[in-house]
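# Inside the fold
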Amino acid sequence: MIITLAYIMTIAANSMVIVVVCFDSHLHTPMYFFLVNLAIIELLYTTVIIPNTLSNLLSENQHISFVGCFTQMFTFITLGGSECILLGLMAYDRYVAICQPLLYTAIMNKSLCIYMTITCWTIGFITSVVNTVLTAILPYCRDRLIRHYFCELPPLLKISCKSTYINELVVFLLGGSVIVGSLLLTLISYIFVIRAVVKIPSASGKKKAFSTCTSHLLVVSMFFGTAILTYLRPSSQSFLDRVPSVIYGVLTPLINPFIYSIRNKDFKKAINKLMLHRNQ
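Being a predicted model, the structure only gives us computed values, none of them experimental.

### Quick notes on the state of the cysteines
Summed over the entire model, instances satisfying the criterion amount to 2 disulfides. The disulfide bridge from Cys 69 ends at Cys 151, spanning 2.0 Å between sulfur atoms. Here the disulfide of Cys 69 and Cys 151 is left-handed, its torsion about the S-S bond being about -120°. Here Cys 151 lies in the loop between helix H5 (110–136) and helix H6 (153–158) and Cys 69 lies in helix H3 (residues 66–99), a separation of 82 residues in the sequence. There is a disulfide in this structure between Cys 141 and Cys 161, and the S-S distance comes to 1.9 Å. Measuring the twist about the S-S bond at about 130°, one finds the Cys 141-Cys 161 disulfide to be right-handed. You can see Cys 141 sitting in the loop between H5 and H6 and its partner Cys 161 sitting in the loop between H6 and helix H7 (165–198), a full 20 residues away along the chain. Cysteine pairing in the protein chain follows 1-3, 2-4, where each cysteine in a disulfide is numbered by its order in the sequence. No disulfide involves Cys 84; its sulfur sits 10 Å from that of Cys 120, the nearest cysteine.

Shown next as structure tokens:
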């Protein structure tokens, strides 16, 4: 019931972000362009794994086909990789907005935003293709019981009857490049943002800016931290291996729209305007 409720709230919150941004022209800015892409990723991300997971939790016949399993894994890795890059780009967008405000519209123009978004989706897709193909050609001749909530890369490698050294090396190199690279871009951007915030003369303005930065960094740390625990550490058979997947697969998609969009003052104004328009 908790997972079902979280899924419903995730769908509702992210759908609201997409609808409100699309209908309010005042929100047609680079920041909200990235937030719409994040909301789309979260919608697809959770829909790929949660309904099937709920079905297996409620059913005695807990199975998934070979094609279904690898389709789920391919989509999940594509979206997860894209989200990593997108979070880094969003942090860079905040750096330009706060540290280079006079050049913001010139730097973060429409063409650059589109190119950046295409890049993040492309990197996620390429990473997923490589990992999915290398995993799909492995032989699974012994145990076919996936000790996990859904078809994710590390649990699948554990049940192969062939050495997975090459696969693990590719996961480490590709995953490390995407996850650690995006995390570094995010941290560096926020270091410059925090430096700029410290110089704000107004105590209330400084407090508000620090509150925003802290909440953003908390969510980003949760997402990247659990992804690193899953993909960039030696494999084990512990039950705790499944906990990070629940955090970045269920919890962060639910929290993100509230942290990045719904509590924003401009977004609240847009919601009120949309509600008034509907009532007229």
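### Observations concerning the nonpolar core
Counting residues in each nonpolar core, the largest one holds 66 residues, and the members touching the most others are Met 90, Leu 156, Phe 224, Tyr 231 and Phe 267. Those residues in contact with Leu 156, other than ones at most four positions away along the chain, are Cys 69, Phe 70, Met 73, Thr 135, Tyr 140, Ile 146 and Cys 151. Membership of the second largest hydrophobic core comes to 5 residues, among which are Ala 91, Val 193, Val 197 and Cys 213.

### Some remarks on the packing of aromatic side chains
Counting across every chain of the model gives 12 aromatic pairs. For the pair Phe 74 and Phe 125, a centre-to-centre distance of 5.8 Å together with 85° between the ring planes defines the contact as edge-to-face. Note that Phe 74 is positioned in helix H3 and Phe 125 in helix H5, a separation of 51 residues in sequence. Accessibility expressed as a relative area gives 24% for Phe 74, which makes it partly exposed. For Phe 125, a relative accessible area of 44% corresponds to the partly exposed category. A ring pair is formed by Phe 76 and Tyr 248, whose centres lie 6.1 Å apart and whose planes are at 35°; its orientation type is tilted. Taken together, the residues Phe 76 in helix H3 and Tyr 248 in helix H9 (residues 243–262) connect sequence positions 172 residues apart. Across this residue pair, the class does not change: Phe 76 and Tyr 248 are buried. The rings of Tyr 45, Phe 76, Phe 150, Phe 223, Phe 224 and Tyr 248 are connected pair by pair, giving a single aromatic cluster.

Criteria and thresholds
Position labels on residues start from 1 in each chain and follow its written sequence. Reporting of local features is limited, given that this is a predicted model, to residues whose pLDDT is at least 70; pairs of side-chain atoms are given and counted only at 80 or more, and all residues count toward the totals for whole chains, interfaces and linings. As a rule here, side-chain values cover all heavy atoms of the structure and leave hydrogens and water aside. Here, a disulfide means two cysteine sulfur atoms that sit within 2.5 Å of each other. Here a strand is any run of E in DSSP of at least two residues, a helix any run of H or I of at least four, and the numbering for each starts at the N terminus. Throughout, nonpolar core names a set of buried Ala, Val, Leu, Ile, Met, Phe, Trp, Tyr and Cys residues whose side chains join them through atoms within 4.5 Å. A simple rule labels every residue: compare its accessible area, found with a 1.4 Å probe on the protein chains alone, to the largest value its type can have, and call it buried under 20%, exposed over 50%, or partly exposed in between. Pairs of residues are marked as contacts when any of their non-hydrogen atoms sit within 4.5 Å. A pair of aromatic rings is counted whenever rings of Phe, Tyr or Trp (Trp by its six-membered ring) have centres within 6.5 Å, and the orientation is called stacked for planes under 30 degrees apart, edge-to-face for over 60 and tilted otherwise.

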